[in-house]
Amino acid sequence: MKVLVIGGGPAGMMAAITAKQNGNEVIILEKTQSLGRKLLITGKGRCNITSSLDMQDFIKNTPGNGMFLYSCYQNYTNQDIIKFLKEQGLEVKEERGNRIFPITDKSQDVLKCFTSKLKELNIKIYYNSKVEKIIINEDKENQIKEVQGVEVNGEIIKADKIIIATGGKSYPLTGSTGDGYKLVKDLGHSITKIKPSLVPLETYDKNMHQELQGLSLRNVGIKLVDKQSKKLIYQNFGEMLFTHFGVSGPTILSSSAHLVRYKNVEEKMNTHDIVLNIDLKPALSAEKLDERILRDFSELKNKQFKNSLDKLLPQKLIKVFIDKSGINPEKKVNEITKEERKRMVALLKNLEIDIKSFRPIEEAIITSGGVSIKEINPKTMESKIVKGLFFAGEIIDVDSYTGGFNLQIAYSTGYTAGLW
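Residues numbered from 1 in each chain as written. Predicted model: local features only at pLDDT ≥ 70, side-chain atom pairs only at ≥ 80, totals over all residues. Heavy atoms only, no water.

(A) Structural context of the pattern of salt bridges. Counted according to the given criterion, the structure contains 26 salt bridges. Here Asp399 and Arg261 are joined by a salt bridge, their closest N and O atoms 2.4 Å apart. Placement of the pair is Asp399 in the loop between strand 19 (389-391) and helix 14 (405-419) and Arg261 in the loop between helix 9 (250-259) and helix 10 (265-270), with a sequence separation of 138 residues. Residue Arg261 is classed as partly exposed on the basis of its relative accessible area, which comes to 32%. A salt bridge links Asp279 to Lys349; the nearest nitrogen and oxygen atoms lie 2.9 Å apart. Placement of the pair is Asp279 in strand 16 (residues 274-279) and Lys349 in helix 13 (residues 338-349), with a sequence separation of 70 residues. On the basis of relative accessible area, Asp279 is assigned to the buried category, the value being 15%. A single network of salt bridges, built from pairs that share partners, joins Arg46, Lys93, Glu95 and Asp105. (Salt bridge = Lys/Arg side-chain N within 4 Å of Asp/Glu carboxyl O. Helix = DSSP H or I, 4+ residues; strand = E, 2+ residues; numbered from the N terminus. Buried < 20%, exposed > 50% of the residue type's maximum accessible area, 1.4 Å probe, protein only.)

(B) Helix 13, seen in detail. The end-to-end C-alpha distance of helix 13 is 16 Å, a good match for the 16 Å that twelve residues give at a rise of 1.5 Å each. For helix 13, every residue scored as buried is listed here: Glu340, Arg341, Met344, Val345, Leu347 and Leu348. All buried residues of helix 13 lie within an arc of 165° about the axis, which places them on one face of the element. Residues of helix 13 that are exposed and point more than 90 degrees away from the buried face comprise Lys338 and Lys342. (Expected span 1.5 Å × (residues − 1). Arc of directions from axis to C-beta.)

Here you go:
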């Protein structure tokens, strides 16, 4: 059987390897000059390969249609990708948050494992080959559509099976420009709304941008709340970062995967109803925090308030904190009232920032939305509309949190699509 794989990212490479190992003739059609360009930038160039969590937990960490991936995750697990890399000579290590990285800290080494295997299996790769059209045979009487081949640079390449692994719309410089959506839409497939996921968030407070840009906070609690309904949208604990436009970092990126699915979210952001609450001292109750402040103040009795917070807060955060507290910065700490201390505690436990918008999809790590899962067989990744057409990776309407989960989706769906 002749198999064409459109797209040379991790999903496409895995699909090609699996299809070839099952005795097929395989060609990868890659529109850029190289394979795995997006893989190279994952994990800040280190490649967060997967997670060490149980595969059931992968479903829990996939807010975008996680249950659809049940069979794929059974077919190809996190242990399978680790075994594959080890067989190619690359050892892995585990870091905090169950994150698996290559021992070398180089995503280039992960890509090399894939490209070496493709070479070993003599899989043909056509570079600079943008697919313009998928050719199908349509039997209108029996309502059957079946793949025939593709049109690439004006040339027809015939195929018995086509696997689409063109990615989403995030990081377009790597080749993910949403081409696949048009290809499959022309065949009758539905594309759910394309939105950014795992994306930084813009905030309204420009003064805060100036003051806090570059500040990284570790071990903080975050909550996204709908101010109007008081509904909790998402909560997490970990690391976040202030930027020139708002907030980013692991907890914020994961929060965006929930926020993007929240009803009327754009409207609500426009009316300042989506709020980020930051607990700067999650390990301390309000009472314990008040005791801590009293202890600090007893050692600094004659100091001004503005010079008394070094032990409590990072330097960059002090001015913002004082402004928001409403306490006179020149006031001596031994003159600060119980009521003012109460305000301090409330602010430390709940620093509120209004969310303005998502950053553009070009800055998103992953795309939310894609080919509707209702039109794909979850056991095989084959289209329910066109026989012989399969899907793998980010083009499908599935997406996860940060932590190696989205790459595992690529391997598992790629493997499954290549298997049948």
